[in-house]
Amino acid sequence: MSSIAIGQTKQDQKTSMMDKVKDWLRWNTSKLVVAPSFALVLVFVYGFIAWTGYTSFTKSKMLPIYSFEGLYQYIRLWKLPPWHVAIENLVIFGGLFIIVSIVLGCLLAILLDQRIRGEGILRTIYLYPMAISFIVTGTAWKWILNPGLGIENLMHGLGWTSFEFSWLVDPDMAVYTLVIAGVWQASGFVMAMFLAALRGVDQEIIKAAYLDGASISRIYLVIILPTLRPVFLSSFVILSHLAIKSFDLVVALTGGGPGYSSTLPANFMYEMTFRRNQIGLGAASAIMMLATVMAIIVPYLYSELREKKHG
Amino acid sequence: MNAILRKLTATTILAGGIVAAAAGAQAEPTAEVLHYWTSGGEAKAVKALKEDFEAHGGKWVDAPVAGGGGDAQAAVLRSRVLSGNPPTAVQIKGPNIQEWAETGALANLDKVANEEGWDKVLPPLLQKIVKYDGHYVAVPVNIHRVDWIWANPKVLAKVGAGVPTSWDEFNETAEKLKAAGITPLAHGGQPWQDATIFETVVLGIGGADFFNKAFVERDVDTLKSDTMKKVFDEMRKIRGYVDPDFPGRDWNLATGMVMRGEAAMQIMGDWAKGEFLAAGKKPGVDFVCAPTPSDHGYILNSDSFAMFNVQGDDQKAGQDLLAKLILGEKFQETFNLYKGSIPARIGVPRDKFDDCAVKSMDDLKVASDNNTLVGSMAHEISTAGAIRGAILDVVTEHFNSDMSSDEAVVRLAEAVELAL
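As the structure is a prediction and not an experimental result, all values here were calculated from the model.

Novice: Can you break down unusual backbone geometry residue by residue, with the values?
Specialist: Residues and elements named next belong to chain B. A positive phi angle, close to 55°, is found at H296, a residue other than glycine. Mapping H296 onto the fold places it in the loop between β11 (288-291) and β12 (298-301). Located in the positive-phi region is E380, a residue other than glycine, with phi close to 55°. With respect to the helices, strands and loops of the structure, E380 is situated in the loop between β15 (373-375) and α19 (385-399).

In structure tokens:
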């Protein structure tokens, strides 16, 4: 009997070991699975951000040099007229792109929300541009907006010879063509987000307001839109990072021209780093872009996290 | 930025794999050749070199990087060198050769150069480009001439004009064409094309010494001088001779305008000839080539292969063999017939080359003897990337705005100083 009892204890010890391992696995499997990608992100995102940051404080030209030179590259950067043009363009393009996309997207969503026939098809049509890459959008709009090929030529062909629409070849207006193409691409996506949120609005409140005699426009303005605040915020964050990293749209649509009148910071960074052997200067401009993104994202994250805590 | 870096690392790992595979075969001369000649005549030209190399017992490892202009290639090259694993031969040119040589990454080719007598067959300007500290580190492949006018003689005949031989005559002819409703100059509004016209005007109005002082020595007084103001005045006039839809147009589309008679002339390097020939146009009949107005000047653009410091005897032997073949008469003829350029060396039979190429060869000799041969700024021969870029910024902004010539020269001097 006693030998059996000892055997049983051993068995118990074994099972308890197994249990411990199982327990440990249960709690840590998720961490184990995430670990490799976490390590990759750590090196290839944050590691390289740090590397870029350090490079921006050096006089690196063709190859990186690691002797510290302080703010030398940043002082140079802010003396360069093309950088100022790029920043101004970012403000114009970013501002208009975000505002127009949100307003248009919201408006489309409200119109589609009226339980109209063929909503499915319309929704797909508006959302479809999002599936196209910016290179394709840029190339297509380049043809449409080219005065010799596109709209202007078409109007002249139809007999309206005084028609003029030559923003693409006008240094002062070229940046607005980027807004047109960008809005065309992104507003459908914004619409989809708003539409999803509109469908989530409590119908009882609306009915109650309706019974109280509020007009449709008043219901939307005072009741529905304020409840959509999180959607406004998310679309703002998504659109603003799209705007700041815009690169391919410029390459395809305007080529940065006429002259360098429609370049954006990302194009400037590429030009300096990879074409002109100015790695240090390119890194400085990349860090300025990162700072811009941080200026938008950090307050957003802060407000989101704080709300969760209180909630 | 991060996405690009990630791609770079991936490319490095991939490329490392290719080299490891190549190192397996031993003893036979091996060359891994990094280049961006991936389209049309250029691809054919590279294939000719590969076949020649293999016929001499070599092993060719092709490493083409698509994406014109060599930006993509530059990124690959940088990561390869940083990871201590450079390719055998790389297509780089102009001051980039000097910059790489300064880092100590390039191999010495003096042995082959002495055996083959490069000092005797290469024009002195070209020797300067491919030598660092008195030693050969690269091999020139060809010579392109930049300062050409490509004209449609039938269109010019409509206003009773020929190809202009002075800038004043150029302006007169252009005014006449404009009055007749014809676009005088086909042009694509991209910074490098603006700069191509700009440098031919600098050579034409300022002369070769002025050109070198401005673009090679980067002398501030020269950049701000009255002559440079005149250059910008002429650029302002030229701006009036292009059609309104020029921004962003590719150079070959501009060439097409001359072919179809929509425009009378184009100022472009001799790669434009390839477009005319590919469309079945006959030189002298459908199109004519003439140098842009200057006093026997010649703006040279040249492609070359730089040889990197590599490990292993097979790769070193491959380097020597490749260098010898590239400057050999046979390859110089085949390659340049495909590419539309002229041979980099003297003494290649000229009977297979067309009239434009022969004229280019003759003018090159005259210019070289008169010291009026200059390296192109717009195509990165005389001026390194950063400074070239700074000049392009000002030239293209002036061309696309109503900036005065006085302001342009001040901006030019500032931009060049800032880029140093």
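The structure having been displayed, the exposition proceeds.
Novice: With reference to specific residues and values, describe the interface of chain A and chain B.
Specialist: Of the residues lining the interface, 34 residues belong to chain A; the matching set on chain B comes to 30 residues. Carbon and sulfur atoms supply 61% of the area buried between chain A and chain B, which totals about 3000 Å² over both sides. If you sort the residues of chain A by the area they bury against chain B, M62(A), F274(A) and R276(A) come out on top, with a joint share of 23%. Counting the contacts that link chain A with chain B gives one salt bridge. Across the pair D393(B) and R276(A) runs a salt bridge, and its minimum N-O distance is 3.0 Å. Connecting chain A to chain B are nine residue pairs in polar contact (both at pLDDT 80 or more). Taken together, the elements giving at least two residues each to the side of chain A that touches chain B come down to α1 (2-55), α2 (72-79), α3 (81-112), α12 (265-275) and α13 (279-310) of chain A. Here the side of chain A that touches chain B gets six residues from one element, more than from any other, and that element is α1(A).

Novice: Describe the sheet that holds β12(B), listing the residues and the values that go with them.
Specialist: All names here are of chain B. Here we have four strands laid out as an open sheet, ordered β14-β7-β12-β15, and mixed in their pairing. Where the open sheet ends on each side, the last strands, each with one partner, are β14 (342-343) and β15. Direction of pairing for strand β7 (residues 142-145) relative to β12: antiparallel, over a ladder of two bridges. Paired with H144 across the bridge in β12 is N301.

Cut-offs and rules
- Residues numbered from 1 in each chain as written.
- Chains lettered and ligands numbered in written order.
- Predicted model: local features only at pLDDT ≥ 70, side-chain atom pairs only at ≥ 80, totals over all residues.
- Heavy atoms only, no water.
- Helix = DSSP H or I, 4+ residues; strand = E, 2+ residues; numbered from the N terminus.
- Contact = heavy atoms within 4.5 Å.
- Buried area = accessible area lost by both parts, 1.4 Å probe.
- Salt bridge = Lys/Arg side-chain N within 4 Å of Asp/Glu carboxyl O.
- Polar contact = N/O pair within 3.5 Å; in protein donor to acceptor, adjacent residues only side chain to side chain.
- Pairing = 2+ DSSP bridges.

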